[in-house]
Amino acid sequence: MIKRIFVILGLVLLVSYLAVAGIVYRIGNESMSCKDVTIHIKDVDDVGIVSERDIQQQIATVRKKIIGQRFDSINTLDISQMIESNQLVRKASCYHTPDSCLRIDIEQRKPILRIQSSTIGNHYVDQDRMLLPVQAVVPMQIPLATGYISKEIAENDLYDIADFLSDNRFWREEITQIYVNTNGDIELVPRVGQHTILVGDAKNLEKKLDNVKKFYAKVLSRKGWNYYKVVNVKFENQVIGEK
């Protein structure tokens, strides 16, 4: 019983010590001056729409003011919000490090589709269905959509198609372009053959393309890949070859 009391007392003292030490450490850090600003961008090589130079230019004025300032006088929330005003930045976090630097961690937006629209211009669509300005070349391979694309189609049907392609290796490698015609119907341009695949919209896309694969195996494999100009799967449970 006595041994148990000593164990509990020891744990209480340890927790109290760590709490006090943490407070002292934090107070000590807050009273230190900022020596430098460092920037870390997540997935900079894979995504690449935001560079360290971009962020340095954005915070140039603020950077001059905070170098030499005490950390307790630096508003890290304001700096994070300023950086997040950049449309290409998804999230920014600012905090000070033990070596007296202000570190900025950047999560950039990830484009999953590029659109070249005759109505709304050129944009990327990111993982949150947001339209982004085309300000940099994306090193990653992403689908291209062209034609009469509205904002609504870009953020909904085209996003859903791009998301499907990213998870389906066969169709990701087979589809070279997405096209929206004057009727607002979506067509897919395959790598093999001179036909297009008319899907209409993104509803039941997986089933529609499964039907196309069956049509390829049963019909085009015999008649030839250029026999039809359009493979129409716009309507449910129908595959129509149009010359």
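Residues numbered from 1 in each chain as written. Predicted model: local features only at pLDDT ≥ 70, side-chain atom pairs only at ≥ 80, totals over all residues. Heavy atoms only, no water.

(A) Representation of the overall build of the protein chain. When its secondary structure is counted, the protein chain shows seven helices and 12 strands. Here the protein chain holds 243 residues, and 36% of them are scored as buried. Accessible surface for the protein chain amounts to roughly 14500 Å². Of this, 52% is attributable to carbon and sulfur atoms. (Helix = DSSP H or I, 4+ residues; strand = E, 2+ residues; numbered from the N terminus. Buried < 20%, exposed > 50% of the residue type's maximum accessible area, 1.4 Å probe, protein only. Areas by Shrake-Rupley, 256 points an atom, 1.4 Å probe, with all protein chains shown as cover.)

(B) The arrangement of the pairing of strand β7 (residues 144-147) in detail. Across four bridges, strand β4 (residues 111-117) lies against β7 in parallel orientation. What sits directly across from Ile115, in β7, is Ala145. In the sheet, β7 pairs with strand β8 (residues 175-180) via three bridges, with the strands oriented parallel. Bridged to Ala145 within β8 is Ile178. (Pairing = 2+ DSSP bridges.)

(C) Quick peek at the sheet that holds strand β2 (residues 89-96). Across the sheet, which stays open at both edges, the three strands sit in the order β1-β3-β2 with mixed pairing between neighbours. Looking at the sheet topology across the chains shown, the edges are occupied by β1 (36-42) and β2. Between one strand and the next, the sheet's axes are offset by a mean angle of 20°, whatever the strand orientation. As paired strands, β2 and strand β3 (residues 101-108) are joined by seven bridges and run antiparallel to one another. Opposite Ala92, over in β3, you have Ile106 as the bridge partner. Across the sheet, helix α4 (residues 76-84) touches β2 and β3, and the angle it forms with β2 is around 155°. (Axes fitted to C-alpha atoms, helices over the stretch in contact; angles between N-to-C directions. Contact = heavy atoms within 4.5 Å.)

(D) The arrangement of the sheet that holds β8 in detail. The nine strands are arranged β6-β5-β4-β7-β8-β9-β10-β11-β12 in an open sheet whose pairing can be described as mixed. Looking at strand neighbours, the two that pair on one side only are β6 (131-133) and β12 (240-242), the edges of this open sheet. Between one strand axis and the next, the sheet turns by 30° as a mean value, whatever way the strands run. Where helix α5 (residues 151-167) meets the sheet, its contacts fall on β4, β5 (121-126), β6, β7, β8 and β9 (186-190), and the angle it forms with β4 comes to roughly 135°. Helix α7 (residues 205-223) contacts β9, β10 (196-200), β11 (230-232) and β12 of the sheet and is inclined by roughly 150° relative to β10.

(E) How the structure looks around the packing of aromatic side chains. A complete count under the given rule lists five aromatic pairs for this structure. Where Phe215 meets Tyr228, the ring centres are 5.9 Å apart and the plane angle is 45°; that geometry is what we call tilted. Here Phe215, found in helix α7, pairs with Tyr228, found in the loop between α7 and β11; they are 13 residues apart in sequence, far enough to count as distant. Taken individually, Phe215 and Tyr228 each receive the classification buried, so the pair is uniform in this respect. Grouped by ring-pair contacts, the aromatic residues Phe170, Trp171, Tyr216 and Trp225 constitute a single cluster. (Phe/Tyr/Trp six-rings, centres within 6.5 Å; stacked < 30°, edge-to-face > 60°.)

(F) Spatial organisation of unusual backbone geometry. Look at Ser100: it is not a glycine, yet its phi comes out positive at around 65°. Looking at where Ser100 falls in the secondary structure, it is placed in the loop between β2 and β3. One non-glycine residue with positive phi stands out, namely Arg129, at about 65°. Take Arg129: it is sitting in the loop between β5 and β6.

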